[in-house]
Amino acid sequence: MEEVWQASGAGAENRWNKSRGKQRDAAEGDRAELRKKPTRTPAVQFPSDVLIKPILQAGSEQPVLDVLEGGKMDKCNDLRDFDMDQNVWTMYVLSALSVVCLLHSGFTQSWDWLSPNQVESEPLQSKGAAAFKRRQPPHIIFILTDDQGFNDIGYHSTDIRTPTLDKLAADGVRLENYYVQPLCTPSRSQLMTGRYQIHTGLQHSIIRPRQPSCLPQGLVTLPQRLQQAGYSTHMVGKWHLGFYRRHCLPTRRGFHTYFGSLTGSVDYYTYGSCDGKSLCGYDLHDGESVAWGRGGKYSTHLYTQRVRKILATHQASQQPIFIFVSLQAVHAPLKPPKSYIYPYRRMANVLRRKYAAVVSIVDEAVHNITYALRRYGYYRNSVIIYSTDNGAQPFMGGSNWPLRGCKGTYWEGGIRGVAFVHSPLLRHKRRVSRALLHITDWYPTLVRLAGGDVSQEQGLDGYDIWPVLSEDRVSPRMEILHNIDPLHPRGLGSWLAGQGLWDTAVQAAIRVGDWKLLTGKPGHGDWVPPQVLSDFPSGWWTLERETGKRQQSLWLYNITADPCERTDLSTKRPDVVWKLLERLAQYNRTAVPVHYPPDDPRANPEVNGGAWVPWVDDEEQESNWNGVYYQLGRNRIRKKSRLFKMRSFFKKLNSKIMSNRI
């Protein structure tokens, strides 16, 4: 049987070869006949509608494809080798192919193949060609971490491992001259509005859980502008911009969906948030409702799961999306799972060990989010922005080394943030940008990317920096007002020290070009090397302490040449001091009154079902808090533990000893 099958197979193969040979001989004969013709008939010009209609009536473009794939001609150049005495069908096919080739030639000439990126630019349109479909605005993913210091990312640090963040930054644009605010609420308010604190009334500190305060209603927020541009907007994570009324909630300020915490600090597992030691409540919300029963899962994992769900259920090709991922990490209290602490088990500093583990969880979260972007078809038309909201707290495990200062201060360690942009739409990638940028710049930049226009919007302090990020152009920003806080405890300065232009007792900071000026009390100005606080209190003795003048209220630094702020030039360059003081005075004339009301007892979670929720009805008339501000010790009882008192004692003792150079 096997022999019969082989014989029949061989016979069939012989018959097939003979048939195939006859076809080849016929084709060779046709080509030889064509080569014998010595003359060429001039090409006949047909109108475009005459050339195209026969193809459409024939039913498809398949004949054209057959000619191309058969190798009988090389698109445009071989068209003249055919004679007009061929049948009508061949003439129609070739004429239509001529039009296709001409369009192809015009397209390739108008398209710059040497340009690094063409997907962002609008294609050129030519007469007679159909209009090209406009590209959909990019998907925007903004990831904001909490209290991540300058030295708390892999590409700056030697002890923290962040492979995902390092890879995204290396393939994108690292921002090494990027500034945020020293605290949570100020940074978030400036991101959402594109305005300095002095123009929103949030100059002082943060919004406390019991304060009847929130982002001013008269300001249009970034997600509201993106909604107007057709975006689907979502927020996951920490809000911290006030919630005493429902119109202050994220879903009333531009986000279609919200999942996260409203206050400034919550437990990573139980989602309990305390204002002081005794006033605590549950703080996890889904939309405008309390998300009960979600305790027990680590917040970064829970937030990442929600982001991936949003990406999975949204149609990437139908509508652009904006997701604001405002992670709680790496804010205290640090409670990472033990499995993430193990890789850092050799760190002597226990707090640093936990802090590094929390950063690694953030790195893993970003990996999972970017994986979802690729899986669900967002990545090729996406912009990923990564930023911290302020500097780290060195005594909670963070590190701003080698910068001076920490969170809550206007030294570089408190306001120079880690950030990068990663996107396939960037024209010039894989580089480090040292252009001067500020967190207010994201508002006009993202609105412009979405196709919006901010040229008619009054009062913006931010700039459109997309050309800086994508094309490596010069930054339009020449200065940054870090803040003017008239409610901060006054320093030892005076109008006389400010040359009659400025009261140097007021806390303020400004940067113009290379120069940075600080007045009042900028905050603790220590340089804290990493890994020196392995225990307490012996670690305090190895700190670099501030040894400047005790009565000083004005500082001047060349930040470009001296980013660590070690050389004060205020006495050597009085001309620069005068110009910056004058600029501070000009800004102060545009400031709105500070809004910092006292605590409202109705905010107590015990009278609101055990959770932090809005406690003022929308119909209730707004109270007039002008001139009434929170004062330490007046309306808040702070009980200091024995350990806190001991730490305070050793800190003051060490400061005195080091200042006396013993």
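Going along each chain's sequence as written, the residues are numbered from 1 onward. Reporting of local features is limited, given that this is a predicted model, to residues whose pLDDT is at least 70; pairs of side-chain atoms are given and counted only at 80 or more, and all residues count toward the totals for whole chains, interfaces and linings. Note: side-chain values were computed over all heavy atoms of the structure, leaving out hydrogens and water.

Participant: Help me understand the state of the cysteines in this model?
Facilitator: A covalent bond between the sulfur atoms of two cysteines is what we call a disulfide. What counts as a disulfide here is a pair of cysteine sulfur atoms lying within 2.5 Å. Under the counting rule described, the total for this entry stands at 2 disulfides. Across the disulfide, Cys214 is cross-linked to Cys248 (sulfur-sulfur distance 2.2 Å). As the torsion about the S-S bond is roughly -55°, the Cys214-Cys248 disulfide counts as left-handed. Here Cys248 lies in the loop between β4 (232-238) and β5 (257-261) and Cys214 lies in the loop between α6 (184-193) and α7 (222-228), a separation of 34 residues in the sequence. The burial state of Cys214 is the same as that of Cys248; both residues are buried. Each sulfur in the disulfide pair Cys274 and Cys280 lies 1.8 Å from the other. An S-S torsion of about 105° defines the bridge between Cys274 and Cys280 as right-handed. Take Cys274: its relative accessible area is 44%, and that puts it in the partly exposed class. Numbered in order of appearance, the disulfide-bonded cysteines of the chain are paired 1-2, 3-4. The helix count covers DSSP runs of H or I at least four residues long, the strand count covers runs of E at least two residues long, and both are numbered beginning at the N terminus. Think of it in three bands: residues with accessible area under 20% of the maximum for their type are buried, residues over 50% are exposed, and the middle band is partly exposed, with areas taken using a 1.4 Å probe on protein chains only.

Participant: Could you clarify how one ought to interpret the pairing of strand β17 (residues 515-519) in this entry?
Facilitator: Look at any regular strand and the pattern is simple: side chains alternate between the two faces of the sheet. Counting buried residues in β17 gives 5 out of 5 residues, a clear majority hidden from the surface. Of the two faces of β17, both are covered, the one formed by Trp515, Leu517 and Thr519 as well as the one formed by Lys516 and Leu518. In the sheet, strand β16 (residues 507-512) pairs with β17 via 5 bridges, with the strands oriented antiparallel. Following the sheet pairing, Val512 is matched in β17 by Trp515. If DSSP finds at least two bridges between two strands, the strands pair. Connecting the antiparallel pair β16 and β17 is a turn made up of 2 residues, with Gly513 showing a positive phi of about 65°.

Participant: What should I look at first to understand helix α10 (residues 350-375) in this one?
Facilitator: Side chains three or four residues apart in an α-helix point the same way, a direct result of the helix having 3.6 residues per turn. Spanning 26 residues, α10 covers 38 Å between terminal C-alpha atoms, matching the ideal 38 Å at 1.5 Å per step. Residue Asn349 occupies the N-cap position of α10, its side-chain oxygen lying 3.0 Å from the main-chain nitrogen of Leu351. Phi for Gly377, located one or two positions after α10, is positive at around 85°. For a helix, the expected span equals 1.5 Å multiplied by the residue count minus one. In protein, a polar contact requires one atom able to donate a hydrogen and another able to accept it; more generally it is a pair of N or O atoms within 3.5 Å, and residues adjacent in sequence count only if both atoms are side-chain atoms.

Participant: Sorry, what's going on with the pattern of salt bridges here?
Facilitator: Where side chains of opposite charge bring their charged atoms close, a pairing between them can arise. The term salt bridge refers to a side-chain nitrogen of Lys or Arg lying within 4 Å of a carboxyl oxygen of Asp or Glu. For the structure shown, the criterion picks out 29 salt bridges. Two residues, Asp599 and Arg210, come together in a salt bridge whose shortest N-O distance is 3.8 Å. Linking Asp599 in the loop between α14 (574-588) and α15 (642-659) with Arg210 in the loop between α6 and α7, this pair joins segments that are 389 residues apart in sequence. Of the charged contacts in the structure, one is a salt bridge between Glu471 and Arg427, with a shortest N-O distance of 3.6 Å. A residue pair is termed long-range when its members are at least 10 positions apart, and Glu471 in helix α13 (residues 466-471) and Arg427 in the loop between β12 (419-422) and β13 (431-433) qualify at 44 residues. Glu471 gets classed as partly exposed once you look at its relative accessible area, which sits at 25%. A cluster of three or more residues bridged by salt bridges with shared partners is formed by Arg246, Arg252, Glu288 and Asp618.

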